[in-house]
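Descriptive structure summary
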Amino acid sequence: MASDDIRQDGKGDEAGGWYPPVPLHNAHDDHSEHGRKHKRERYRHREHDCSDHRAWQLGFIGDADYAFLLVSVYVTCFNEDGRPIVELSWKNQSMLLPIGDRRLIAIIDELFWAHTDRHLTSAGRYGALRLLTNEAVMAPARVLALRTALTVDGEVGIDIGRGRVVTFGGGSFTIGREFPVTFRVAPSLPTPAGVPDLMRLRDYINVEDEGFQLIVAWLTFALLPFGPYPVLHLIGEHGSAKSTVSRFLRYLLDGRFSPGGGLPDSMRDFDVYARHRHGLFFENVSFLPDAVSDKICRMATGSEDERRANYTDGDLVTFEARRPILVNSITNVITRSDLASRALVVELKPIEKGRYRSESELHAAFMRDAPQIMSGVMQIIAEGLINRSRTTAAKLPRMADFAHWALAIESTFWTPGSFIAAFERNHEASASDILDDDEVGQVIFALVNRNGGRWQGTASDLLVEVGLHLQEKGHSRHSGVPRQPRSLSEHVTRLAPDLRKRGITVSRMRVGAESAKQITFERI
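In this report, we go over the structure that sits alongside the text. Within every chain, residues take consecutive numbers counted from 1 along the sequence as written. In keeping with the model being predicted, local features are shown solely for residues with a pLDDT of at least 70 and side-chain atom pairs are shown and tallied solely at 80 or more, while totals for entire chains, interfaces and linings include all residues. Excluding hydrogens and water, the side-chain values take into account all heavy atoms of the structure.

Considerations on the packing of helix α5 (residues 102-116) against helix α6 (residues 122-138)
- It is the contact of α5 with α6, at a shortest axis distance of 11 Å, that shows an interaxial angle of 120°. Put simply, α5 runs oblique to α6. Pair α5 / α6 crosses with right-handed handedness. Contact residues: L104, I105, I108 and D109 in α5; R125, L129 and L132 in α6.
- Taken together, the residues of the contact of α5 with α6 break down into 5 nonpolar, no polar and 2 charged. Here the axes come from fitting lines to C-alpha atoms, over the contacting stretch only for helices, and the angles between their N-to-C directions go from 0 to 180 degrees. Numbering goes from the N terminus for both helices and strands, where a helix is a DSSP run of H or I of at least four residues and a strand is a run of E of at least two. Note on angle classes: values under 35 degrees are labelled roughly parallel, values over 145 roughly antiparallel, values of 65 to 115 roughly perpendicular, and the remainder oblique. Crossing chirality is assigned from the near helix's rotation relative to the far helix, an anticlockwise turn below a right angle marking it left-handed and a clockwise turn marking it right-handed. Whether two residues are in contact is decided by their heavy atoms: any pair within 4.5 Å suffices. Each residue is assigned to one class: nonpolar for Ala, Val, Leu, Ile, Met, Phe, Trp, Tyr, Cys and Pro, charged for Asp, Glu, Lys and Arg, and polar for all the others, Gly among them.

Okay, structure coming up:
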């Protein structure tokens, strides 16, 4: 038999007993004739002083309606972009669950058993879920935040799990349960506690000071609801603890203690990951296909994909997300300049011989330090939010919002100007890596050097030069080299920002009687 806190009054309500109140989420029914009629039919027995349980005993309502009425006391139904969801208050806990979640089904079964001494049939269970779905679809829609949110009043909140939200004000932070934005359910972050000490994180990341500054800027900005977010790309040889560092950063950002998984098999899977995770972490990546590189660019700055809904001919679904992303690999796998301009490439140093620690020891040490590290992260965010409004820069680089944030927190541990210097050196190194690995880039450098610092020709002329270059290297064709003049011209356009950083400008103009478009490479 179930406990009295579930059963409440037992089954003896022939003499009145317990009447479940009309669920608050049914208030919206008053706004539609269909809703009023549905409500009148479902609660008609109450007009005759008959309890829900008695009505079920007499057959006025079936198993599905009775199970629905029992669980309605504990749920508020709503929808997010048409997806039915319930806000469940159960045994001093509050959670958001999609209708059909196993926990919701278990509670419906438990309530029905507690009030009837009978197991709910599959048909009754399905009927109760169908009624909940109808309520949710007809209810007002809500917009749910994931991990971090900004209120209409400009207040920032970070969900750290179990109903607790970190808010900021006056250069400090507080942890509470009242916040005007509803968050989706997500794994809990370490609870900030103790004296703020972000520099303890430095002990777990074997990187140069400049790289650590970029990581801290990325981590703190990733916990804010602003964006666009830069992509953090950790590289390093075997034994540089890439997976370990990814695991620790993911725990601080997303509450999951794993370094991440492989790249999604499809763009649809990418959207599903982004719907449920604030941070996207990809482990041990050896190659970034062009389509994935483009998707990461869109996801970092703000992606909106529309496609036909499953099992429909005319319904459209929209996936919209902006997410911080971390990728780790042995070498730099970013080969396209559009992604490189949005990325921070940080190289981890190999761990010195004799300084290796077991995973269990390292994990235990980090878990002991995590509360103070998290407290340090929140304190930097609190100070950065204060400094942000009075931080100015004569010239911001690409990813200006992130750069502005990094300047706002620069004074917490670093000297003025240190971030911009680190950021520019990082992007210059990335541009060099891309050009050094790009066959077309190598041809362009060779042409400019051979022709006194300037070369001009059509895309077809350049394609011939690329072919000769490949023949000299003994390659008849190369998978990364365009084979048509038009695609080669587009490839040059993508390389233009990196060429400019290396001192070569790209310009185009039409010349001659036939107005042939000429490409000009010129050393600055």
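Describing helix α16 (residues 439-450)
- Its 12 residues give α16 an end-to-end C-alpha distance of 17 Å, which sits within 8% of 16 Å, the value for a rise of 1.5 Å per residue.
- Three or more residues of α16 are buried, namely E439, V440, G441, V443, I444, F445, L447 and V448.
- As used in this structure description, the phrase polar contact means that two N or O atoms lie within 3.5 Å; if the pair is within protein, one of them must be able to donate a hydrogen and the other to accept it, and residues adjacent in sequence are counted only when both atoms belong to side chains. Sitting at the head of α16, D438 places a side-chain oxygen 2.9 Å from the backbone nitrogen of V440. Working rule for helices: expected span equals 1.5 Å times residues minus one. Note on exposure labels: buried denotes an accessible area under 20% of the residue type's maximum, exposed denotes more than 50%, and partly exposed covers the range between, all computed with a 1.4 Å probe on protein chains only.

Overview of unusual backbone geometry
- At the junction of G227 and P228, the peptide bond is cis and its omega measures out at -5° in the coordinates.
- Tracing the backbone shows P228 in the loop between α7 (209-222) and β8 (231-235).
- Positive phi is not limited to glycine here, since K91 has a value of about 50°.
- Inspection of the secondary structure puts K91 in the loop between β2 (83-90) and β3 (93-98).
- With a phi angle near 55°, N284 is a residue other than glycine that sits in the positive phi range.

Focus on the pattern of salt bridges
- Salt bridge criterion: a side-chain nitrogen from Lys or Arg within 4 Å of a carboxyl oxygen from Asp or Glu. The final tally for this structure, using the stated rule, is 22 salt bridges.
- We note a salt bridge from D209 to R202, for which the minimum N-O separation is 2.8 Å.
- The class for D209 is exposed, based on a relative accessible area of 55%.
- A salt bridge links D294 to R336; the nearest nitrogen and oxygen atoms lie 3.5 Å apart. Of the two residues, D294 sits in helix α10 (residues 290-301) while R336 sits in the loop between β12 (325-329) and α11 (337-340), which places them 42 residues apart along the sequence.
- For D294, a relative accessible area of 25% puts it in the partly exposed group.

Description of the sheet that holds strand β13 (residues 343-347)
- For two strands to be treated as a pair, DSSP must find at least two bridges joining them. Within the open sheet, the 4 strands sit side by side as β9-β12-β8-β13. Their pairing is parallel. Two strands bound the open sheet, and with one partner strand each, they are β9 (280-282) and β13. The sheet shows a mean angle of 15° between the axes of neighbouring strands, direction not considered.
- Here β9 pairs with β12 via 3 bridges, running parallel. If you follow F281 over to β12, its bridge partner there is L326.

Looking at the layout of surface pockets
- Considering only enclosed or pocket space, the largest pocket measures out at about 810 Å³ in volume.
- The rule is simple: put a 1 Å grid over the protein atoms alone, call a set of points where a 1.4 Å probe fits but cannot get out a cavity, call an open set with protein on both sides within 12 Å along at least five of seven lines a pocket, and count a residue as lining if it has an atom within 4 Å of a point. In this structure, the largest pocket is lined by 29 residues; those nearest its centre are L144, R184, E320, A321 and R323.
- Of all the secondary-structure elements, those providing two or more residues to the lining of the largest pocket are β4 (148-150), α9 (267-276) and β11 (316-321).
- It is β11 that provides the largest number of residues to the lining of the largest pocket, a total of 4 residues.
- Across the lining of the largest pocket, the residue classes tally to 15 nonpolar, 5 polar and 9 charged.
- Approximately 660 Å³ is the volume attributed to the second largest pocket.
- What lines the second largest pocket is a set of 24 residues, among which D203, N206, A241, I351 and R355 lie closest to the centre.
- For the lining of the second largest pocket, the secondary structure elements donating two or more residues are α8 (242-254) and α12 (359-388). Grid points are joined across faces, edges and corners, and a volume is the space filled by probe spheres set on the points.

With respect to the sheet that holds strand β14 (residues 454-457)
- On the basis of which strands lie adjacent, the open sheet formed by 3 strands has the order β14-β16-β15 and antiparallel pairing. What marks the edges here is a single partner per strand, and that holds for β14 and β15 (504-511). Geometrically, the sheet is characterised by an average inter-axis angle of 15° between neighbouring strands, direction not taken into account.
- Judged from the 8 bridges that link them, β15 and strand β16 (residues 516-523) form a sheet pairing that is antiparallel. If you follow T505 over to β16, its bridge partner there is E522.
- Its contacts with the sheet put α16 on β14, β15 and β16, and the angle it makes with β16 is roughly 75°.
- Packing of helix α17 (residues 459-472) onto the sheet brings it into contact with β14 and β16, and relative to β14 it is tilted by some 115°.

With respect to the packing of aromatic side chains
- Aromatic rings from Phe, Tyr and Trp, taking only the six-membered ring of Trp, are treated as a pair when their centres fall within 6.5 Å; an angle between ring planes under 30 degrees marks them as stacked, one over 60 as edge-to-face, and anything in between as tilted. One pass over the full model with this rule turns up 21 aromatic pairs.
- Ring geometry for Y74 against W90: centres 5.1 Å apart, planes inclined by 75°, an arrangement best described as edge-to-face. Placement of Y74 in the loop between α4 (63-72) and β1 (75-80) and of W90 in strand β2 is noted, with a sequence separation of 16 residues between them. One exposure class covers both Y74 and W90, and it is buried.
- When the ring of Y251 is compared with that of F366, the centres are 6.3 Å apart and the planes differ by 65°; the resulting orientation is edge-to-face. Note that Y251 is positioned in helix α8 and F366 in helix α12, a separation of 115 residues in sequence.
- Classification of Y251 by relative accessible area gives buried; the value is 13%.
- A relative accessible area of 0% places F366 in the buried class.
- Here the basic side chain of R142 rests over the ring of F78, its NZ or CZ set 4.1 Å away from the ring centre.
- Put simply, a charge is over a ring when the Lys NZ or the Arg CZ is close to the ring centre, within 6 Å, and near the line of the ring normal, within 35 degrees. Sitting over the ring of Y273, R277 keeps its end group 5.0 Å from the ring centre.

Keep in mind that these numbers describe shape and distance, not what the molecule does.
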